[in-house]
Amino acid sequence: MVDMQPPPFRTLDDFLLCSARFSVPDVRNLERWNNRIINNLLYYQSNYFTSAVAFLVIVGYFQPFQLILGATVVVLLFLVFVWAAENKAVVRRFRRNHPSLCLSAILGSSYLLLSVLGGVAVFLFGIAFPILMILIHASVRLRSLKNKLENKLESIGLKRTPMGLLLEALGQEQEAGS
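These numbers were taken from a predicted model, which means no experiment stands behind them.

### Looking at the overall build of the protein chain
Each helix and strand in the protein chain was counted, giving nine helices and zero strands. Scanning the protein chain from its N terminus toward the C terminus, one meets helices and strands in the order α-α-α-α-α-α-α-α-α. Residue pairs at least 24 apart in sequence account for 78% of intrachain contacts in the protein chain once pairs closer than 6 positions are excluded. A total of about 10700 Å² of accessible surface is found on the protein chain, and carbon and sulfur atoms cover 71% of it.

So, in structure tokens, the structure goes:
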């Protein structure tokens, strides 16, 4: 983790505006859709991180304690999941075969725990909404030739980027960069 490097920030034109191309993914080909999401997550990770932080700052301004509570719950549940996946073969196989179910389980468990603690609205708007927006953008954003070439070059150093580490924790490192 010492040699982890921040990925480059993509231009707003490439990310959202004129040169950006969007299309509804082919839901019949889940492997290709998953590949598009992973590669877009890797290519635009700095933009996604900046967008999520901006949204969290806005929500945190209005509800700082609830946001800290919600973030703590989500991070703790995620760490417990990663620990279980590393130490239990059954959980590791499930994580590799069903990554979206694992993410849903983490977010669902967080929601249930926060509903008991009273931070549901902050969880939904401060944590789950940015994740939803990132996944929607990564699903519908078509990859350009530059995106594909950059992903091939970056796939060599995949484990050195924050998104590469997150994808590895979710069991998706074998598909990234393809």
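### Focus: the nonpolar core
In this structure, L41, Y48 and L167 are the most contacted members of the largest nonpolar core, which totals 13 residues. Looking at this core, the elements with two or more residues in it are α2 (30–43), α3 (45–62), α7 (120–140) and α9 (162–169). In this structure, V73, L107, L114 and A128 belong to the second largest nonpolar core, which totals seven residues.

### Focus on the UniProt feature "transmembrane region" (unreviewed entry) in the protein chain
What UniProt calls "transmembrane region" (unreviewed entry) maps, in this numbering, to residues 41–61 and 67–85. As annotated, residues 41–61 comprises 95% helix and 0% strand, and the C-alpha atoms at either end are separated by 27 Å. Secondary structure within residues 67–85 divides into 100% helix and 0% strand; the distance between the first and last C-alpha atoms comes to 27 Å.

### Considerations on the packing of aromatic side chains
Counted by the stated rule, this structure contains six aromatic pairs. On the numbers, 5.6 Å between centres and 65 degrees between planes, the contact of F15 with Y48 is edge-to-face. Taken together, the residues span a long stretch of sequence, with F15 in helix α1 (residues 12–15) and Y48 in helix α3 at a distance of 33 residues. Its relative accessible area of 7% is what places F15 among the buried residues. Among the residues examined, Y48 registers a relative accessible area of 2% and is labelled buried. Pairing Y44 with Y48 gives two aromatic rings, centres 6.2 Å apart and planes at 65 degrees, and the pair type is edge-to-face. Classification of Y44 by relative accessible area gives buried; the value is 0%. Members of the aromatic cluster, each reached through a chain of ring pairs, are F15, Y43, Y44 and Y48.

Rules used in this analysis
Residues numbered from 1 in each chain as written. Predicted model: local features only at pLDDT ≥ 70, side-chain atom pairs only at ≥ 80, totals over all residues. Heavy atoms only, no water. Helix = DSSP H or I, 4+ residues; strand = E, 2+ residues; numbered from the N terminus. Contact = heavy atoms within 4.5 Å. Areas by Shrake-Rupley, 256 points an atom, 1.4 Å probe, with all protein chains shown as cover. Core = buried A, V, L, I, M, F, W, Y, C linked by side-chain atoms within 4.5 Å. Buried < 20%, exposed > 50% of the residue type's maximum accessible area, 1.4 Å probe, protein only. UniProt positions renumbered as here; feature names shortened; annotations may be inferred. Phe/Tyr/Trp six-rings, centres within 6.5 Å; stacked < 30°, edge-to-face > 60°.

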